[in-house]
Amino acid sequence: MSGKIPGENMTTLSALSEPNRMNIVELLRDGPLTVGEIADQLGLKQPQTSKHLKVLSDNGIVEVKAEANRRIYKLRPEPFQALDSWIQSFQRVIQERFDNLDAYLKELQNKENS
């Protein structure tokens, strides 16, 4: 396993590194919202919110649907599924190390008791 972050995860992490964008993602966890609703809930100006949403959209984190004169944003599951898989790969490595440590400690304990 290489020590590099897979490209799509790096893109997602980079887009989420800005606090306002992370706050937008947190809001969208509960369901789709319009630009105005997001701006109101976060206390941001609409143009600033739109810029953040554009970055999230360009990076595949949100998708937008036009409905009359409103633009409704919702999270895409794929980037988060990819991040979850990447994180689980670390959990497997850590669990394997704990298992190895446990086996080693049992081996030492058996030697002491012999």
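Just so we're clear, the structure is a prediction, and the values are computed from it rather than from any experiment.

Colleague: Any chance you could explain the nonpolar core here in plain terms?
Modeller: The tendency in soluble globular proteins is for nonpolar side chains to be buried as a group. Counting residues in each nonpolar core, the largest one holds 14 residues, and the members touching the most others are Leu28, Ile38, Leu53, Leu56 and Ile61. Of all the elements in the fold, those that place two or more residues in this core are helix H1 (7-16), helix H2 (19-28), helix H3 (35-42) and helix H4 (46-58). For this core, the element with the most residues is H2, which contributes four residues. For Ile38, the contacting residues outside a window of four places in its chain are Ile24, Leu27, Leu28, Leu33, Thr49 and Leu53.

Colleague: Explain H3 to me, please; I cannot follow it from the model alone.
Modeller: Helical periodicity: at 3.6 residues per turn, an α-helix aligns residues three or four positions apart in one direction. Where H3 is concerned, the buried positions are Val35, Ile38 and Ala39. The arc that holds the buried residues of H3, viewed along the axis, is 100°, so those residues lie on one side. As for H3, its buried residues are in contact with H2, strand S1 (33-34), H4 and strand S3 (70-75). Backbone geometry just downstream of H3 places Gly43 in the positive-phi region, at approximately 70°.

Colleague: Even after reading the chapter, I still don't get unusual backbone geometry, so can you show me in this structure?
Modeller: Peptide bonds are trans in most cases, and residues, glycine excluded, mostly fall at negative phi. Here Ala68, not a glycine, exhibits a phi torsion of approximately 55°, which is positive. Its place among the elements puts Ala68 in the loop between strand S2 (62-67) and S3.

Colleague: Even after reading the chapter, I still don't get the pattern of salt bridges, so can you show me in this structure?
Modeller: Side chains that differ in charge, positive against negative, can pair when their charged atoms come close. Per the counting criterion, the structure on display carries eight salt bridges. What emerges from the salt-bridge pattern is a single network uniting Glu63, Lys74, Arg76 and Glu78.

Colleague: Sorry, what's going on with the sheet that holds S1 here?
Modeller: Sheets are built from strands that pair by backbone hydrogen bonding, the pairs being arranged parallel or antiparallel. Ordered in space as S1-S3-S2, the three strands form an open sheet in which the pairing is antiparallel. Of all strands in the sheet, those bounded by a partner on one side alone are S1 and S2. As paired elements, S1 and S3 share two bridges and run antiparallel to each other. Within S3, the position partnered with Leu33 by the bridge is Tyr73.

Cut-offs used in this document
- Residues numbered from 1 in each chain as written.
- Predicted model: local features only at pLDDT ≥ 70, side-chain atom pairs only at ≥ 80, totals over all residues.
- Heavy atoms only, no water.
- Core = buried A, V, L, I, M, F, W, Y, C linked by side-chain atoms within 4.5 Å.
- Buried < 20%, exposed > 50% of the residue type's maximum accessible area, 1.4 Å probe, protein only.
- Helix = DSSP H or I, 4+ residues; strand = E, 2+ residues; numbered from the N terminus.
- Contact = heavy atoms within 4.5 Å.
- Arc of directions from axis to C-beta.
- Salt bridge = Lys/Arg side-chain N within 4 Å of Asp/Glu carboxyl O.
- Pairing = 2+ DSSP bridges.

Function-wise, these values are silent; they only describe arrangement.
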